[in-house]
Amino acid sequence: MEPWAHAVNLHRAVEAALEAQNLAHLQVRREDVEGAKPLVRALWTGEWRADPLAKSRDGVVPGYLLLGFLGGHFFDRDLPENDLAFWPEFHRALGLNQDQPTPKQRDKLWKVLEGLPGTKAFLRFHADGKRDFVGTLKALFGARTLRLKEILDHLRLYRDEAKLQEEVLGPYASLVRGLKEALDLLAEEALDAAEQEDVEALVARLEALGFYPEEPHPLRFLFHRSPKAFAELYAEWRGEKKATPLRHPQVRVEVLQGKGVLERVLPQIRREVLVEGALVYGQVRLKSGLFRGFSWRPRLDAEGNPIPEEVVVPFGENRVVLRLHHRAWGVRFLDARGQVCPEWRPPEPLEVRPLVDEGTPVRFLLEGGGDPVERLEDLPLELGLPEDALVVEALVFGPREHGEWRPLGRLPVRVEARLEERLSETALELEVFPRGPLEAVWLAPAGPKQTFPEGRARIPRGLWPAKILVKAWDRAWEILVPPKGWPEKAWRRGLGLPAVGANKPEGSQP
């Protein structure tokens with residue numbers, strides 16, 4: 001098929017989802033997403049100069065193709081956590097060697113997101129008013145942005161409790177059913193390590209066993225999300241690795257009341273590392289067949305020692321009382337005196353004390369975006385926001401590069417904005433940190449106001465000295481720009497002006 005035929009199919013799928021006001025259940029075929037990619041790429045780069053909201057040939061709306069490509073591509077891949085991580089992944093999907101988009105490209109996607117029927121209500125913005133593309137896509141596509149870990153949690157719950165939360169899973173519900181059936185069949189087969197890594201060999205084996213699921217094939221979906229996940233699930237299904245053991249490695253159960261009627265206690269249904277303060281769901285089963293769920297939150301004292309949790313689970317007139325002895329992970333943020341630090345204001349010293357198993361890798365990142373780092377001193381604070389948060393994560397599964405990381409805690413961070421100046425023979429260059437919009441107003445001689453969205457400004461040196469007012473992040477500076485070609489000391493002599501680059505905050509005394 002030609003790309004345009006795939007584009008027509010993609011347009012119709014998005015049109016149907018918009019008419020049903022449910023993009024979370026958008027049904028697109030992988031071959032149409034890949035087949036229409038050349039047209040989506042041309043629209044994104046500007047080679048196809050079309051209004052993204054106007055109908056073109058065969059009634060196709062270009063913006064529908066962009067939205068359909070996003071929904072189809074991220075159906076079997078994890079949607080990145082923030083905009084900085086999203087753009088490189090989106091460009092790789094289009095086959096472009098590009099990191100961040102141009103302002104025109106950002107505006108093009110936002111025009112689609114706010115201009116299509118029923119999509120405007122899902123627009124999201126950051127606290128500073130900037131457009132939140134990932135947040136908007138998550139709100140728009142709903143369940144389609146579930147991460148693999150969440151999907152596998154539902155898979156294990158479906159296996160252990162025969163419960164399938166279809167409203168939460170949305171279009172992934174049929175995939176969870178198919179994954180369970182495929183794993184049930186393959187668990188009876190002896191697969192060597194090479195077979196466990198070959199998705200097409202696994203698909204062929206399933207077909208030989210009479211298993212022909214609907215597309216997308218659940219195993220191909222799984223391998224697209226994580227090539228390593230199948231081997232882990234296969235071991236679980238064969239009983240080589242317990243997913244929900246009676247005694248969870250991080251929890252010891254003490255029964256205070258009701259031991260005679262108990263059959264089983266699951267202190268934690270979902271197989272994941274316990275973290276201080278995170279809500280945990282458990283379940284109690286009686287010998288009579290009755291069962292009931294409960295929830296609890298692991299706590300640590302100020303020194304990081306676990307606090308046992310008592311849980312009461314009522315069954316009519318009776319009740320079961322449990323004491324849960326846990327070894328939850330956590331983190332402590334300490335100041336220079338060794339006291340708990342409620343907020344970090346760099347360059348004040350900060351000690352981060354992870355409370356994890358010995359040898360567990362940890363990393364640091366800013367909540368506002370950016371890449372994680374393994375050392376706190378390498379954190380790019382000046383590339384974040386003035387009001388941000390430090391997040392500490394621990395590796396719970398897999399290698400550092402592609403493994404699963406779990407947040408241990410967050411600490412508010414406040415960075416004071418500063419202005420950096422560089423004077424050359426022809427201009428004064430200004431740059432604000434943390435990066436953000438910079439506004440310059442000419443005071444003497446009076447001139448227009450200019451805004452520099454990227455936080456960098458180049459002020460040409462003229463024949464006469466100039467004074468400008470620079471504003472960024474709720475701060476202001478008065479800056480003097482020396483005239484072009486004059487030695488610095490000479491032009492100041494007799495003028496009564498302070499030195500260039502005084503960085504005098506507005507309202508301060510000379």
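Structural data are supplied above this passage.
Residues numbered from 1 in each chain as written. Predicted model: local features only at pLDDT ≥ 70, side-chain atom pairs only at ≥ 80, totals over all residues. Heavy atoms only, no water.

Chemist: What exactly am I supposed to notice about the overall build of the chain here?
Modeler: When you go through the chain residue by residue, the secondary structure sums to 15 helices and 21 strands. Within the chain, buried positions represent 45% of all 510 residues. Across the chain, every contact between residues at least 6 apart in sequence was considered, and the portion connecting residues at least 24 apart equals 56%. A total of about 26,700 Å² of accessible surface is found on the chain, and carbon and sulfur atoms cover 50% of it. (Helix = DSSP H or I, 4+ residues; strand = E, 2+ residues; numbered from the N terminus. Buried < 20%, exposed > 50% of the residue type's maximum accessible area, 1.4 Å probe, protein only. Contact = heavy atoms within 4.5 Å. Areas by Shrake-Rupley, 256 points an atom, 1.4 Å probe, with all protein chains shown as cover.)

Chemist: Sorry if this is basic, but what is going on with the pattern of salt bridges here?
Modeler: Any two side chains of opposite charge can pair, on the condition that their charged atoms come close. The final tally for this structure, using the stated rule, is 39 salt bridges. Here Glu276 ties to Arg332 by a salt bridge, and the two come within 3.0 Å at their closest N and O atoms. With Glu276 in the loop between strand 2 (262-266) and strand 3 (280-286) and Arg332 in strand 9 (residues 330-334), the pair connects residues that are 56 residues apart, well separated along the chain. The exposure class of Glu276 is partly exposed, given its relative accessible area of 25%. Judged by its relative accessible area of 11%, Arg332 is buried. Linking Glu367 and Arg410 is a salt bridge whose minimum nitrogen-to-oxygen distance equals 2.9 Å. Of this pair, Glu367 sits in the loop between strand 11 (362-366) and strand 12 (387-397) while Arg410 sits in strand 13 (residues 404-414), placing them 43 residues apart in sequence. (Salt bridge = Lys/Arg side-chain N within 4 Å of Asp/Glu carboxyl O.)

Chemist: Explanation requested: the nonpolar core in the structure shown.
Modeler: A general tendency of soluble globular proteins is for nonpolar side chains to be buried together. In terms of nonpolar packing, the biggest core is built from 43 residues, with Trp44, Leu66, Leu67, Phe90, Leu109 and Leu113 touching the most fellow members. Those elements that place two or more of their residues in this core are helix 1 (3-19), helix 3 (37-45), helix 4 (62-73), helix 5 (83-93), helix 6 (103-115) and helix 7 (133-141). With eight residues, the single largest contributor to this core is helix 1. Not counting the four nearest positions on each side in its chain, Leu66 is found in contact with Val40, Leu43, Trp44, Phe90, Leu109 and Val112. Grouped together as the second largest cluster of nonpolar side chains are 32 residues, Leu155, Leu175, Val176 and Val203 included. (Core = buried A, V, L, I, M, F, W, Y, C linked by side-chain atoms within 4.5 Å.)

Chemist: Is there a simple way to explain the pairing of strand 8 (residues 318-326) in this structure?
Modeler: The side chains of a regular strand alternate between the sheet's two faces. The pairing of strand 1 (residues 251-257) with strand 8 spans six bridges and is classified as antiparallel. Counted as the bridge partner of Glu254 is Arg323 from strand 8. Of the pairings in the sheet, the one linking strand 7 (residues 309-315) to strand 8 comprises seven bridges and is antiparallel in character. For Glu310, the partnering residue across the bridge sits in strand 8 and is Arg323. What sits between strand 7 and strand 8 in their antiparallel hairpin is a turn of two residues, with Gly316 showing a positive phi close to 65°. (Pairing = 2+ DSSP bridges.)

Chemist: Quick question: what am I supposed to make of the pairing of strand 20 (residues 475-481) here?
Modeler: Where burial is concerned, most of strand 20 is hidden: five out of the seven residues are buried. Linkage of strand 19 (residues 466-472) to strand 20, two consecutive antiparallel strands, is achieved through a turn of two residues, within which Trp473 is found at a positive phi near 50°.

Chemist: Would you mind showing me how to read the packing of helix 8 (residues 148-161) against helix 13 (residues 218-225) here?
Modeler: When two helices pack together, their arrangement is given by the angle between their axes and by how far apart the axes lie. Contact geometry for helix 8 and helix 13: axes closest at 11 Å, N-to-C directions at 140°. Our classification of the angle between helix 8 and helix 13 gives oblique. When the axes of helix 8 and helix 13 are compared, the crossing they make is left-handed. Across the interface between the two elements, Leu148, Ile151 and Leu152 from helix 8 touch Phe221, Leu222 and Arg225 from helix 13. Partitioned by chemical class, the residues of the contact of helix 8 with helix 13 number five nonpolar, no polar and one charged. (Axes fitted to C-alpha atoms, helices over the stretch in contact; angles between N-to-C directions. Parallel < 35°, antiparallel > 145°, perpendicular 65-115°, else oblique. Left-handed = near helix turned anticlockwise from the far one by under 90°. Nonpolar A, V, L, I, M, F, W, Y, C, P; charged D, E, K, R; others polar.)

Chemist: How should I be thinking about the sheet that holds strand 14 (residues 418-423) in this particular structure?
Modeler: What links the strands of a sheet is backbone hydrogen bonding, and the strands pair in either a parallel or an antiparallel sense. Here three strands make up an open sheet; going across it, the order is 14-15-18 and the pairing antiparallel. Every interior strand has two partners, whereas the edge strands, strand 14 and strand 18 (456-460), have only one. Across the sheet, the axes of successive neighbouring strands diverge by a mean angle of 20°, strand direction being ignored. Relative to strand 15 (residues 427-433), strand 14 runs antiparallel, the two being bridged by six bridges. Of the residues in strand 15, the one forming a bridge with Arg422 is Glu429.

Chemist: Looking at this structure, how should I read helix 5?
Modeler: What sets the pattern is the α-helix's 3.6 residues per turn: residues three or four places apart point alike. For helix 5, the buried fraction is high: eight of the 11 residues fall into the buried class. Taken residue by residue, helix 5 has Asp83, Phe86, Trp87, Pro88, Glu89, Phe90, His91 and Ala93 as its buried positions. Considering only its buried residues, helix 5 is in contact with helix 3, helix 4, helix 6 and helix 7. Of the residues flanking the end of helix 5, it is Gly95, one or two places downstream, whose phi is positive at about 80°.

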